[in-house]
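A structural walkthrough
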Amino acid sequence: AMNMCGMAKEYDDAPSEEKNPWIVSISIIREGGVEKCKGAVLTPHFILTAAHCFNIDDQAHQIKVETNDRKRYKVINVISHPNYNVNAKKPKIAEFYDYDIALVEIGDMNKKPGGKEEKIEFSSKVRPICIPCTEGTTRALRKKVAQTTCDEHEATLLKWGLVEAMFITQEDNQLTRKDVTIKTGDQKPVCNRDALKAPLYADVKDVNEVVTDRFLCTGGTEPHVNAFTCKGDSGGPLVINHRQRYIQVGVISWGVTNLCLNNIRQPFAKAESRDFHTNLFKVLPWLESKLKEDGLGFL
Ligand SMILES: Cc1cc(Br)c(Nc2ncc[nH]2)c2c(Cl)c[nH]c12
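Treat the numbers as computed from the prediction; the structure is a model and nothing was measured.

Rules of the game
- Residues numbered from 1 in each chain as written.
- Predicted model: local features only at pLDDT ≥ 70, side-chain atom pairs only at ≥ 80, totals over all residues.
- Heavy atoms only, no water.
- Helix = DSSP H or I, 4+ residues; strand = E, 2+ residues; numbered from the N terminus.
- Rg over C-alpha atoms; globule rule 2.2 N^0.38 Å.
- Buried < 20%, exposed > 50% of the residue type's maximum accessible area, 1.4 Å probe, protein only.
- Salt bridge = Lys/Arg side-chain N within 4 Å of Asp/Glu carboxyl O.
- Near = heavy atom within 4 Å.
- Polar contact = N/O pair within 3.5 Å; in protein donor to acceptor, adjacent residues only side chain to side chain.
- Areas by Shrake-Rupley, 256 points an atom, 1.4 Å probe, with all protein chains shown as cover.
- Nonpolar A, V, L, I, M, F, W, Y, C, P; charged D, E, K, R; others polar.
- Pairing = 2+ DSSP bridges.
- Axes fitted to C-alpha atoms, helices over the stretch in contact; angles between N-to-C directions.
- Contact = heavy atoms within 4.5 Å.
- pLDDT = per-residue confidence, 0-100.
- Disulfide = S-S within 2.5 Å.

Concerning the overall build of the protein chain
Within the protein chain one finds five helices and 14 strands. Computed over the C-alpha atoms, the radius of gyration of the protein chain is 18 Å, within 12% of the 19 Å expected from 2.2 N^0.38 for a compact globule of 299 residues. Across its three principal axes, the protein chain shows a C-alpha extent of roughly 55 × 50 × 40 Å. Here the protein chain, with 299 residues, has 53% of them falling under the buried criterion.

Following this line, the structure appears as structure tokens:
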């Protein structure tokens, strides 16, 4: 059968790599040191991550992708969303994360004709996650392929109010799931407002200047305590578990409070520890334009 997306081992003591087989580690090797981000496997040639993980002068050979089976892959291209520009609102706003999303293309740059073409090898530890408005997600949602629309995906996944979701982080060499709720509907403004508690945005008057329509908002402690992200979680997927099928709806972009030192989380979340994720439903034309070549069927 074609590679069904968003399927993982469900039994309790399955290895964490087999429970979260779509997670990849991205290392950007620079003079000053190595920057670490997370990403998610979408197809044999494409990983989805955050654009802010990369600098304008990073070359492909400086970027390493490692899957859960410890295999390392060569990057041949990083395609950041064309509207991403961290400097767009300087000097008033030092860092602007709108459209913070990128595709990392895996392959073999010196692929000889007929040579071994490099692509991600799937296994029990390495599998693709589902993304919205694809045929794979229609099947994962157990809907009829013919009649299901992208709007129905959005209505099913991002219901009004609090939407249960998760992100995956690395803790003592284990992939651990962290539970959050996406605040939609009337909860959205309350969540977005806390963006101005980020030191970076202390002087910003209007929250809409930094929290655009491209973001999903999670975190905080009401009505229940949410997990919060660390910088090292950047680029990882925000995932909804729909009847044991996993659908990515966001990419971890930025957070309000840095409650982690060297990626060690402080024990208690704060009411204003909110996190913002690029909403995949808001960048579909860009996703489709890159991924349809690698066989992903969009609705
Ligand atoms: C995931 C993530 C990314 C970035 Br970039 C952060 N840094 C930051 N956010 C606003 C300004 N700078 C944080 C923080 Cl802080 C928590 N999680 C983060």
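A word on the pattern of salt bridges
Tallied over the full model, the rule gives 14 salt bridges. Between Arg 70 and Glu 17 there is a salt bridge, with its nearest N and O atoms 4.0 Å apart. Of this pair, Arg 70 sits in the loop between strand 4 (63-66) and strand 5 (72-80) while Glu 17 sits in helix 1 (residues 16-19), and the two are 53 residues apart along the sequence. Put simply, Glu 17, Glu 66, Arg 70 and Arg 72 are held in one network by salt bridges that share partners.

Notes on the site of the ligand
The immediate surroundings of the ligand are formed by 14 residues, with Thr 229, Lys 231, Ser 234, Ser 253 and Gly 255 found nearest. In this structure, Thr 229 approaches the ligand through a side-chain N or O atom, which is 2.9 Å from a nitrogen atom. At a separation of 2.9 Å, a nitrogen atom of the ligand approaches a polar backbone atom of Gly 255. Compared with its free state, where it exposes 420 Å², the ligand has 91% of that area covered by protein. For the shell around the ligand, the residue count by class is five nonpolar, seven polar and two charged.

Digging into the sheet that holds strand 3 (residues 46-49)
Taking strand neighbours around the barrel as the criterion, the six strands line up as 1-2-3-6-5-4 in a closed arrangement whose pairing is antiparallel. Going from strand to strand, the sheet's axes swing by 40° on average, the running direction of each strand aside. With two bridges joining them, strand 2 (residues 33-41) and strand 3 adopt antiparallel strand pairing. Pairing of Ala 40 across the sheet is with Leu 48, part of strand 3.

Some remarks on the environment of Leu 280
Note that Leu 280 resides in the loop between strand 14 (274-279) and helix 5 (284-291). The spatial distance from the C-alpha of Leu 280 to the C-alpha of Thr 212 is 14 Å, given a sequence separation of 68 residues. Those residues in contact with Leu 280 that sit more than four places away from it in its chain are Leu 48, Ile 101, Ile 131, Pro 132, Gln 248, Val 249, Gly 250, Val 251 and Leu 287.

Some words on the environment of Ser 234
Residue position: Ser 234 is located in the loop between strand 9 (215-219) and strand 10 (237-242). Residue class for Ser 234 comes out buried when judged on its relative accessible area of 7%. Not counting residues within four places of it along the chain, the set of residues in contact with Ser 234 comprises Cys 37, Lys 38, His 52, Cys 53, Ile 252 and Ser 253.

Let's talk about the confidence of the model for the protein chain
Confidence in the prediction for the protein chain averages 95 pLDDT; 96% of positions are at 70 or higher. Both scores are available for the predicted complex, with the pTM at 0.96 and the ipTM at 0.96.

Structural notes on the state of the cysteines
All chains considered together, the criterion is met by five disulfides. Covalent S-S linkage joins Cys 5 and Cys 130, the inter-sulfur distance amounting to 2.1 Å. Residues Cys 5 and Cys 130 are joined through a disulfide that is right-handed, its torsion about the S-S bond being 90°. Taken together, the positions of Cys 5 in the segment before helix 1 and Cys 130 in the loop between strand 6 (102-106) and helix 2 (135-140) put the pair 125 residues apart, joining distant regions of the chain. We note that Cys 5, like Cys 130, is buried. Paired by a disulfide, Cys 191 and Cys 217 hold their sulfur atoms 2.0 Å apart. With the S-S dihedral at roughly -80°, the linkage between Cys 191 and Cys 217 falls on the left-handed side. In this pair, Cys 191 is assigned in helix 4 (residues 187-193) and Cys 217 in strand 9, connecting sequence segments 26 residues apart. Classification of Cys 191 as buried rests on a relative accessible area of 1%. Its relative accessible area of 1% is what places Cys 217 among the buried residues. Sequence-ordered numbering of the disulfide-bonded cysteines in the protein chain gives the connectivity 1-4, 2-3, 5-6, 7-8, 9-10.

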